[in-house]
Protein chains: 2
Amino acid sequence: MREERRAGWARWGTPEHAKPLPEAVAGLLKQVFEVTPPAAPAALDAVAAPAELAADTLAALAAVVGAEHVDTAAAERALHASGKSTPDLFHQRAGELPALPAAVVAPADHDQVLAVLAVCAAHRLAVVPFGGGTSVVGGLSPETGGHITLDLRRLDRLVAVDPVSRTAVLQAGLPAPRADELLAAHGFTLGHVPQSYEYATIGGFAATRSSGQASAGYGRFDDMVVGMTVATPRGTLTTGRAPASSAGPDLRRLFLGSEGAFGVITDVTVRVRPLAAQRRYEGWRFPSFVDGVAAARRLAQDGPRPTVLRLSDEVETMLGATGRGRGDGGCLLVVGHEGASVDRVAAETADVLRECGGESLGTEPGEQWAAHRFDAPYLRDALLDAGAFAETLETAAFWSALPGLYEAVREALFAALPVPSMVLCHVSHVYETGASLYFTVVTAFGDEPVARWQRAKAAANDAIIAAGGTISHHHGVGTEHRDWFAQEVGPLGVDVLRAVKRELDPAGVLNPGILVAPRPAP
Amino acid sequence: MREERRAGWARWGTPEHAKPLPEAVAGLLKQVFEVTPPAAPAALDAVAAPAELAADTLAALAAVVGAEHVDTAAAERALHASGKSTPDLFHQRAGELPALPAAVVAPADHDQVLAVLAVCAAHRLAVVPFGGGTSVVGGLSPETGGHITLDLRRLDRLVAVDPVSRTAVLQAGLPAPRADELLAAHGFTLGHVPQSYEYATIGGFAATRSSGQASAGYGRFDDMVVGMTVATPRGTLTTGRAPASSAGPDLRRLFLGSEGAFGVITDVTVRVRPLAAQRRYEGWRFPSFVDGVAAARRLAQDGPRPTVLRLSDEVETMLGATGRGRGDGGCLLVVGHEGASVDRVAAETADVLRECGGESLGTEPGEQWAAHRFDAPYLRDALLDAGAFAETLETAAFWSALPGLYEAVREALFAALPVPSMVLCHVSHVYETGASLYFTVVTAFGDEPVARWQRAKAAANDAIIAAGGTISHHHGVGTEHRDWFAQEVGPLGVDVLRAVKRELDPAGVLNPGILVAPRPAP
């Protein structure tokens, strides 16, 4: 994993996984967007990172985890300085990292995490938990730098499997593919497959309330977590003695989504499912996005419920953004079934989709989607190499608010972006009462791509809040969504979160500036 | 409702709904338990309740809600002094109420609730939110008395229905049957049918994390709530812009289960479902409780998932506690199906149950159960009238912990109760990873029935915590479970809840002593 991270410097993934741009897209970029390839990214080893931590602090950290697990090398610090948002990649490509950690500390277990937090509290040293490093919302980038990164990579064990209860205890630093590999040996799977799957970790899924591509069938990560162990500067907190309880507020839900601001999740107990015996992915065409949304709603509310349900709007379908589109108009709905009686559920689903005006495209577009399900962020690398800026944003709302939200976000983006720009959208997570919307924006670099994007993103965020959506369905808050999150939960909601943080982290060292802004001095 | 409450003084329900004891039970009580009918309950109007509130406080409250909605009559205060646990009924029957409110205040709307809370904070006057008054865990009984009861009965509107999103906004004081009646006019139902259904309110369901008899099909009330408005002494907090979000911790889950200690829930936005087109309730016999639990687990984990799933242990089955048992041994499993394709799901379920060793008893035992689904607490009234003490307690755990938990609680109860006593149990809420256990205890009054019960309950609670169960699956914490709840969440969990309370309720007036003990003076 460490070599992989090094190879993935200033990109999403490692070069051997790189995806070339489809020729049509490359042509479009040159002809319509008139992009030109930018300068090559700065080399990782060129990033300057002068020593920062006092010797006694370093010694205290080394006393906990061993000197070999306190890394102050410039490259290691640069690799942990930020996540994988497009602005992050721009900073990395420029070799300019706004918030460089002073050291990367890798504890071996929960007790070492507790002890590292104690050192940080005593030294008033900010500490940023780090799993897969895939945040796209500035979740790893406190505003100041000079902090330590708490790299959870050594907490990588499957601790226990309970086949009767169908639960497993997974350590926070386990990468998702490794977790599934370990579970598969027991006949189980998580069924949690977000686009970040190849790199993200179990702890990160919990800390950010992740949702995977198969959320219609397996639920959100929220729904999978039945217990957690959290290390805080005040000690250990464990939650989850039963699947459900009326013993007070569900404290699991206070740490799900806490993004390292309340504590460090060191292990989670998750509900697991038997490995799917069969899988079937299909494509369906709907005359319009509105028709497709109506069909998705019908399935979400009345069933049958597929495992995967993903509807591209007209533009995304046309561009075949991930290689699976067709040139004959309408909107593509990918429908995936996994489980024991796939054929029957697929047949029942097909009846409903036909009733809703859908036309079957067979399994090929579905299998294409499945084969390329992790490609989009690699394509972003290729776009960046070609000189095109690509970024995503997402939200969710109740069904009745969805059409207005869709229009409002598109309008806000187009108003703030130069001509030509492209805005693609899909629905990929459905619930009985609503769904998510996921937007992809492609535009030329221009002179100040990051600043221009920040203006467009701010306009889109304003539109989301005004149209009644949530500021994030599965990316999280981090620093980038913080101001809009404050609008979403209101000043009293922010005060409550601050009160929790103050109680668990009196010194304010845990991922400062994430989730809530530091309280202004009275 | 107010007349109904008056008629239900010192009992669960009104006398016209009273259920006579089955003859077999009445005979058993006389012959085995040797009970004798106790003295008749004290009359409501005999309860002494001297005036307590200062004139300026009363005036301030009257200024908010109108003098006619501030009731200081003794009977009204007595009716709001406690809930419906058996110890509560004993106090009521004795005419001795440990914590009598000084007034019952009935605001008209959210703004009046806010204003009442402001008066209470300014006057350092404790305030106990009151919905249906059905708490069985001391949730309405702060330790001191002299508080005001905030009766939510006037917040009784269906505010809005969104048929596209399948959500509805319900005010907190709506009794459940009235909510369903209002929703039925739009073709919808909540599907939330706890045993307290006839009296409980929407706000109470949310504040206590209620779970209904049809939770296998409709989910817990937790799962239904997609939004909430909460009045606190610091102002209003609204949550829920989407079915799901990754925008920080889910604040809805902080108020679900907050039991009036953090604020007063004034309305909830709930997911609703179409009225069930068909219903079918069946009975199945399993050779043993262990076999029945295995079958319930199989359905919960692999489906098909019935709407109702309720398994009585051997003793509960034998006693036919609610009139539906049969004398031929084993354990009764009630399986209910509601929805559009009941016959098919029933047939598929039957295949699984037969494979698991179940024997179909046809629909009669199921229909019997459905016809008597609310009877148990009325039977408790009849038992009390006959001189027998009856009380319930419940827990939940992961499947693998369930057998040990079942044995441990039974052992603890039998060790603490006199001979003869009866302990009945059923599983009535199932999840993929675990299930609930609901125990019913019947014993003779003895000299000090309440004190003896408190010792037995404490022993059972200790056993629950030691065996890994949660201290309550759907009754809540109140005052009665508070010490064990503190063990369940640990000192840091308690500190977090206290921090939230301190932030929202700096004067500490909201339902004091509920959920967490007041912090000892430093």
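Source: prediction; values computed, not measured.

1. Describing the UniProt feature "domain: FAD-binding PCMH-type" (unreviewed entry) in chain A
Mapped onto the present numbering, the UniProt feature "domain: FAD-binding PCMH-type" (unreviewed entry) falls at residues 97-275 of chain A. Secondary structure content for residues 97-275 of chain A is 23% helix and 26% strand, and the end C-alpha separation is 42 Å.

2. Some remarks on the packing of aromatic side chains
Residues and elements named next belong to chain A. Counted according to the given criterion, the structure contains 20 aromatic pairs over all chains. Clustering of aromatic rings is evident, with ring pairs tying together F90, F389, F445 and W453. In this arrangement the basic side chain of K19 is found over the ring face of Y378, its NZ or CZ atom lying 5.6 Å from the centre.

3. A few points about the relation of the copies chain B and chain A
The transformation that overlays chain B on chain A combines an axial shift of 0.0 Å with a rotation of 180 degrees, and the residual RMSD is 0.0 Å. Such a combination of turn and shift is consistent with a two-fold rotation axis. Comparing interface residues between copies, 99% of those in chain B also sit at the interface in chain A, which points to an isologous, same-surface contact.

4. Considerations on the sheet that holds strand 1 (residues 70-71) of chain B
Residue and element names in this part refer to chain B. Read from one edge to the other, the open sheet built from four strands follows the order 1-2-4-3, with strand pairing classed as mixed. Edge positions in the sheet fall to strand 1 and strand 3 (127-130), since each of these pairs with one other strand and no more. Sheet topology places strand 1 next to strand 2 (residues 103-105); two bridges connect them, and they run antiparallel. If you follow V70 over to strand 2, its bridge partner there is V105. In the packing of helix 6 (residues 110-123) onto the sheet, the strands contacted are strand 2, strand 3 and strand 4 (148-151), and the crossing angle to strand 4 comes to about 170 degrees.

5. Re the pairing of strand 8 (residues 225-232) of chain B
Residue and element names in this part refer to chain B. Along strand 8, eight of the eight residues are buried, which leaves the element largely enclosed by surrounding structure. In terms of strand pairing, strand 8 meets strand 10 (residues 264-271) through six bridges, oriented antiparallel. Looking at the pairing, G227 lines up with T269 of strand 10. Relative to strand 9 (residues 235-239), strand 8 is paired through five bridges, and the arrangement is antiparallel.

Conventions adopted
Residues numbered from 1 in each chain as written. Chains lettered and ligands numbered in written order. Predicted model: local features only at pLDDT ≥ 70, side-chain atom pairs only at ≥ 80, totals over all residues. Heavy atoms only, no water. UniProt positions renumbered as here; feature names shortened; annotations may be inferred. Helix = DSSP H or I, 4+ residues; strand = E, 2+ residues; numbered from the N terminus. Phe/Tyr/Trp six-rings, centres within 6.5 Å; stacked < 30°, edge-to-face > 60°. Lys NZ or Arg CZ within 6 Å of the ring centre and 35° of its normal. Least-squares fit on C-alpha atoms with pLDDT ≥ 70 in both. Contact = heavy atoms within 4.5 Å. Pairing = 2+ DSSP bridges. Axes fitted to C-alpha atoms, helices over the stretch in contact; angles between N-to-C directions. Buried < 20%, exposed > 50% of the residue type's maximum accessible area, 1.4 Å probe, protein only.

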